[in-house]
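Observations on the three-dimensional arrangement
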Amino acid sequence: MTDQTNDMTVPGSAIQEAALSWVLRLSRSTVGERDWIEFNAWLDAAEARRQAYDQAINLWSDYQAVASAPKVSRPARTWRRALGPGIAVAASVLVVLAATDAFAPTQVLTTQKGETRSFRLQDGTRIDLNASSSLKVKLGWRTRQVAMSDAEAVFDVAKDSRRPFVITAGDEKIRVVGTRFNVRRRDGVQSVTVERGRVEVASADHKTRVALIPGQRLDHHEGMGTAQVRAFDPEVAMSWRSGRLIYRNEPLSNVAADLTRLSGPTVRLADARTGDLTFSGVISAKDSQSGARVLGLLAPITVQETPSGLLLRRN
Amino acid sequence: MVSSQPSSTQLMDAYLERRPNLVRFFAARLGSVASAEDLTQDLYLKISAYEQSAEVDRPMALLYRIAANLMLDRLRHERRSILRDEEWHRILRTRLGEEDVDEAPAADDALGARQRLTQLMCALEALPPRMREAFTLHKLEGHSHAETARAMSISISAVEKHISGAMRHLLHWGS
């Protein structure tokens, strides 16, 4: 009787209860075709059911891996064994990890040149993706992971302290709980600018680790052991979402790269002399053509139209 | 006269559509997602070889019957404990042999893995004793509900209550 009282001490949602019943029902030796048909009908009705079931069956499966660890029969003994040789523990639990997120699908979010898009993830996180960007998203049970290739995005991460949100951008890892920030990985440079909350940025080897607060920006050149942190207006970093490009002492090469990601012709620098210039100002542009024209008015450069695109040349 | 689609295609379509659910379904009985993935892979091979002309009335039902037979074969020919040991070694090898660039780096995995094992064990330790006993007998030692019921001198439905109670605790704990 006491066991049943204990039963009630842990609350579970109705869906979770149903999912657990299914795991139990399907684990019986009497399981049959009718269970299969009804199970499909139950699963098909709602994504939330599939999620709840996957969570339960993954845990079920996790304990199988624990049980399968050679010559383990009792949890108490497992415990002591497990803490013995560290290497064995590390190796064995890789399996657990692999099994646990087996159902978490990888989503690929991409935008074309000149296209910005908003995505809403299942956990409520919102990702605004700048043009010519690509991200991979995997919402697992224990972590939410994003792998960033060439991309810029504003993350508005839904708070879930049990499932940290980890963004891998090259050799940098960004870990957050619930916050809003801009991440940019372009041309070998990674930048993180925080608007709200706290963001932890670590090198992939975890040797360096920086906690950023709102109004700070971190810049890191891929492959180098250092990163710079400075005060930076998050509004500026996120300005691309409103179709404005705002710069403060930005190398012209970065400005050209941003313009190229808009629709229209490619924008390139004519020579290194031009690349030495920095630019401060606001460019409001729908396409690279009009953007380059505005840039031509604000910076000491000439814009030249060529068959292969627009060429910026220092005056 | 328009001939109907080849039956094997219907069956394959059903398989492809239902693959995730097949894994989900058989993972419960086999106790592991990895075993269910294996089974589903075997099922694919079976279905690929399925006779084109065979009449398929209800592809979903046929799919189930083929899969269920495969499952029974697995359960019959290998004792569960042996199966699990083999599975363990097999996964361990494949897992350690491959490299997934999108996953967290190894050092982080090892750390997370250790924490995860600790978590699983602590969660188990924290269960009410009878619940833990039922869960351990059934899930970790591979006894059926009936065997567990006999060992604990309780009814099968009480065993199931304990196990679902344990799962509820563990889910809660792990989250």
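Source: prediction; values computed, not measured.

A word on the overall build of chain A. Scanning chain A from N- to C-terminus turns up 10 helices and 19 strands. Out of the 315 residues belonging to chain A, those deemed buried represent 38%. Nonlocal contacts in chain A, meaning residues at least 24 apart in sequence, comprise 46% of its contacts between residues at least 6 apart.

In this section: the overall build of chain B. The helix and strand inventory of chain B stands at eight helices and zero strands. Along chain B, from the amino end to the carboxyl end, the secondary structure elements read α-α-α-α-α-α-α-α. Each of the 175 residues in chain B was classed as buried or not, and the buried ones make up 37%. By sequence separation, contacts in chain B at least 24 residues apart represent 61% of the contacts at least 6 residues apart.

This part takes up the sheet that holds strand 18 (residues 301-306) of chain A. Residue and element names in this part refer to chain A. Pairing within the open sheet is mixed, and its three strands lie in the order 16-19-18. The open sheet has two edge strands with one neighbour each: strand 16 (267-269) and strand 18. The mean angle between the axes of side-by-side strands here comes to 30°, regardless of whether they run parallel or antiparallel. Bridging between strand 16 and strand 19 (residues 309-314) involves three bridges; their strand directions are parallel. Residue pairing in the sheet places Leu269 in a bridge with Leu312 of strand 19. Against the sheet, helix 8 (residues 252-261) makes contact with strand 16 and strand 19, and its axis sits at roughly 160° relative to strand 16, the strand it touches most. Sheet contacts for helix 10 (residues 288-298): strand 16, strand 18 and strand 19; angle to strand 18, the most-contacted strand, approximately 150°.

All right, on to the pairing of strand 6 (residues 151-156) of chain A then. All names here are of chain A. Of all six residues in strand 6, five are buried, a share of seventy percent or more. With four bridges joining them, strand 3 (residues 126-129) and strand 6 adopt antiparallel strand pairing. Looking at strand 6, one finds that Asp128 is bridged to Val154. Across six bridges, strand 6 lies against strand 9 (residues 180-186) in antiparallel orientation.

Our next topic: the sheet that holds strand 14 (residues 227-231) of chain A. All names here are of chain A. A sheet is described by the order of its strands in space; here seven strands give the open sequence 2-3-6-9-10-13-14, paired in antiparallel fashion. At either margin of the open sheet sits one strand with a lone partner, and together these are strand 2 (117-120) and strand 14. Ignoring which end each strand starts from, the neighbouring axes of this sheet average 15° apart.

Moving on to the pairing of strand 2 of chain A. Residues and elements named next belong to chain A. For strand 2 and strand 3, the ladder comprises four bridges, and the chain directions are antiparallel. Across the sheet, residue Arg117 finds its bridge partner in strand 3, namely Leu129. Hairpin connection from strand 2 to strand 3: five residues lie between these consecutive antiparallel strands, with Gly124 at a positive phi of about 100°.

Moving on to the packing of helix 8 of chain A against helix 10 of chain A. All names here are of chain A. Taken N-terminus to C-terminus, the directions of helix 8 and helix 10 make an angle of 150°; their axes are 8 Å apart at the nearest point. In terms of orientation, helix 8 lies roughly antiparallel with respect to helix 10. Helix 8 and helix 10 meet at a crossing whose hand is right-handed. In this structure, helix 8 uses Val255, Leu259 and Thr260 to contact helix 10, whose residues at the interface are Ser288, Gly291, Ala292 and Leu295.

Its 16 residues give helix 2 (residues 33-48) of chain B an end-to-end C-alpha distance of 22 Å, which sits within 8% of 22 Å, the value for a rise of 1.5 Å per residue. The complete set of buried residues in helix 2 of chain B reads Val33(B), Ala34(B), Ser35(B), Ala36(B), Leu39(B), Thr40(B) and Leu43(B).

This part is about helix 6 (residues 129-140) of chain B. Residues and elements named next belong to chain B. Counted residue by residue, helix 6 has nine buried out of 12 residues, so it is predominantly covered. For helix 6, the set of buried residues is Met131, Arg132, Ala134, Phe135, Thr136, Leu137, His138, Lys139 and Leu140. Looking at the residues trailing helix 6, positive phi occurs at Gly142, about 80°.

Attention now moves to the confidence of the model for chain B. All names here are of chain B. Residues at a pLDDT of 70 or more form 66% of chain B, whose mean pLDDT is 73. The low-confidence segment residues 1-6, where pLDDT is below 50, has two contacts with residues more than four positions distant or belonging to other chains. Taken as a whole, residues 80-107 scores under 50 in pLDDT and shows 32 contacts with residues more than four places along the chain or in a different chain. Here the prediction assigns the complex a pTM of 0.45, and the interface score ipTM is 0.77.

This next bit is on the environment of Val23(B). Residue and element names in this part refer to chain B. Relative to the helices and strands, Val23 resides in helix 1 (residues 7-30). On the neighbour-count criterion, Val23 (23 C-beta atoms within 10 Å) is buried. Between the C-alpha atoms of Val23 and Glu37, which are 14 residues apart in sequence, the distance is 5.7 Å. Other than its neighbours up to four places away in sequence, Val23 contacts Val33, Ala36, Glu37 and Thr40.

Criteria and cut-off values
- Counting restarts for each chain: residues are numbered from 1 in the order of the written sequence.
- Labels are handed out in written order, letters beginning with A for the chains and numbers beginning with 1 for the ligands.
- At least 70 in pLDDT is required for a residue's local features to be given in this predicted model, at least 80 for side-chain atom pairs to be given and counted, and no such filter applies to totals for whole chains, interfaces and linings, which use all residues.
- To qualify as a helix, a DSSP run of H or I must reach at least 4 residues; to qualify as a strand, a run of E must reach at least 2; elements of each kind are numbered from the N terminus.
- Buried, partly exposed and exposed are defined by the number of other C-beta atoms within 10 Å of a residue's own C-beta, namely 20 or more, between the two limits, and 12 or fewer respectively, with C-beta atoms placed from the backbone.
- Throughout, a pair of residues is in contact if the C-beta atoms placed from their backbones lie within 7 Å.
- The pairing criterion for strands is at least two bridges between them, as found by DSSP.
- Simply put, an axis is a line fit to the C-alpha atoms, just over the touching stretch for a helix, and the angle between two N-to-C directions goes from 0 to 180 degrees.
- Should an angle lie under 35 degrees it is considered roughly parallel, over 145 roughly antiparallel, and from 65 to 115 roughly perpendicular; all remaining angles are considered oblique.
- The sense of a crossing depends on the near helix, which, turned anticlockwise from the far helix by less than a right angle, makes the crossing left-handed and, turned clockwise, makes it right-handed.
- One less than the residue count of a helix, multiplied by 1.5 Å, gives the span that helix is expected to have.
- Known as pLDDT, the predictor's per-residue confidence is scaled from 0 to 100.

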